Amino acid sequence: MLIFLLKILLIISLLIYAYTDIKSGQIYIIPVILMSIIFFIINIYIGIDINYLSYFIIIFLLLIIYYIAHKQIGMGDILLCNMIGSCLGGLFLMKVFIISLIVAFIFGLYLLIFKKKSISTRIPFAPFLMFATILCVF
Amino acid sequence: MFYKIIDKKVNAGFTVEAVFIIPFILAVIFIVLTALFYLHDEIIVITVLNKGVVNCETKENIEASLEKRLWMLQEIDVTENNNKLYRKVNIYTKGEAPLPLINMIVDRFLYIDKSRCVLNIRPEDMQKREKKSESEKEKDE
């Protein structure tokens, strides 16, 4: 029951972040960090197995990509991934991230084929993360 | 002051270019990492098996040392077969790498199945036994 409530809380918070991301292309830092700390504490209390290895691998890879090509991805996405990982574990984060990348890939192809946007324009990634989380949770 | 701290924002979003490039980079990295973990576990299984068989370690000891050292393959099944002549140990480990789409290239369920057989008696004794059995056969004839 508590895990289900945790998942619902995660989806609601992702909905809010997706909305702010679509609206302004930016995400508030402090609420995301606070939420990830809260999720982490609840996880320790419940005893969910956070697969630390896969969790740190993804965050580390994203940070490397961010520092190599920091104009390509935003720090907000890394913070959101951190929040999802601290909520439901590293393996879940891995699944969510891969699915969201696949969906974003298809969306990017659609944008390019129908010439809606150019290749260097920025698209919000939080909605894809939210969609993938909903897909993985249910 | 408090409002300023709360109001801090960061960019969130991928460029369309990154959306195309990053999945391929990550897929390659995940495949390489999975292969590395698998190889690590395979080497651990082989060393533990060899040590366990030669030093006559118990099944529980082998399982405990595997549980400590394996990274990816978590299901461990050790079977041993002790005879007067030989001692045979078989280690079967199984693990899961649930990576959507990447599982088309790398199997979702990975396993290692290794066995090692060691003679329980010295080679000289083995020769004596063989000679004995041959002489007995000759006598029977």
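Preceding this paragraph is the structure being described.
Residues numbered from 1 in each chain as written. Chains lettered and ligands numbered in written order. Predicted model: local features only at pLDDT ≥ 70, side-chain atom pairs only at ≥ 80, totals over all residues. Heavy atoms only, no water.

Undergrad: Got a minute to help me understand the side chain of T20 of chain A in this structure?
TA: Among the structural elements, T20 of chain A can be located in helix α1 (residues 2-24). Each residue touching T20 of chain A, except ones within four places of it in the same chain, is listed here: G25, Q26, I27 and Y28 of chain A. (Helix = DSSP H or I, 4+ residues; strand = E, 2+ residues; numbered from the N terminus. Contact = heavy atoms within 4.5 Å.)

Undergrad: Would you mind showing me how to read the packing of helix α3 (residues 52-68) of chain A against helix α5 (residues 90-113) of chain A here?
TA: Helix-helix packing is described using two parameters, namely the angle between the two axes and the distance between the axes. Residue and element names in this part refer to chain A. The N-to-C vectors of α3 and α5 enclose an angle of 45°; their axes lie 7 Å apart at closest approach. In terms of orientation, α3 and α5 fall into the oblique class. On α5, the residues touching S54, Y55, I58, I59 and L62 of α3 are G90, L91, L93, M94 and F97. The residue makeup of the contact of α3 with α5, split by class, is eight nonpolar, two polar and no charged. (Axes fitted to C-alpha atoms, helices over the stretch in contact; angles between N-to-C directions. Parallel < 35°, antiparallel > 145°, perpendicular 65-115°, else oblique. Nonpolar A, V, L, I, M, F, W, Y, C, P; charged D, E, K, R; others polar.)

Undergrad: I tried to follow the packing of aromatic side chains on my own but got confused; where do I start?
TA: Applying the stated rule across the entire model yields 11 aromatic pairs over all chains. Taking the centre distance of 5.2 Å and the plane angle of 75° together, the rings of Y66 of chain A and Y67 of chain A count as edge-to-face. On the basis of an interplanar angle of 90° and a centroid distance of 5.2 Å, the ring pair of F105 of chain A and F20 of chain B is categorised as edge-to-face. Taken together, the residues F105 of chain A in helix α5 and F20 of chain B in helix α2 (residues 16-54) connect one chain to another. For F105 of chain A, a relative accessible area of 24% corresponds to the partly exposed category. Connected via pairs of aromatic rings, a cluster forms that spans F97, F107, Y110, F114, F125 and F128 of chain A. (Phe/Tyr/Trp six-rings, centres within 6.5 Å; stacked < 30°, edge-to-face > 60°. Buried < 20%, exposed > 50% of the residue type's maximum accessible area, 1.4 Å probe, protein only.)

Undergrad: Looking at this structure, how should I read the pattern of salt bridges?
TA: A side chain with one charge can pair with a side chain of the opposite charge if their charged atoms come near. Residue and element names in this part refer to chain B. This model, assessed by the stated rule, comprises two salt bridges over all chains. A salt bridge links K114 to E42, with the nearest nitrogen and oxygen atoms 3.4 Å apart. On the criterion of sequence distance, the pair formed by K114 in strand β5 (residues 109-119) and E42 in helix α2 is long-range, its members being 72 residues apart. Residue K114 is classed as partly exposed on the basis of its relative accessible area of 27%. Of the charged contacts in the structure, one is a salt bridge between R87 and E80, with a shortest N-O distance of 2.9 Å. (Salt bridge = Lys/Arg side-chain N within 4 Å of Asp/Glu carboxyl O.)

Undergrad: What is the right way to look at the pairing of strand β4 (residues 86-96) of chain B in this model?
TA: Along any regular strand the residues' side chains alternate between the sheet's two faces. Residues and elements named next belong to chain B. Judged by which residues are buried, β4 turns out to be one-sided: R87, V89, I91, T93 and G95 face inward and are buried, whereas Y86, K88, N90, Y92, K94 and E96, on the alternate face, are not. Where strand β3 (residues 75-82) lies against β4, eight bridges are found, and the strand directions are antiparallel. Paired with E80 across the two strands is V89, which belongs to β4. Bridge analysis of β4 against β5 gives 11 bridges, and the strand direction is antiparallel. From the neighbouring strand, G95 faces β5, where its bridge partner is L110. (Pairing = 2+ DSSP bridges.)

Note that all results are geometric; they support no functional claim without further evidence.
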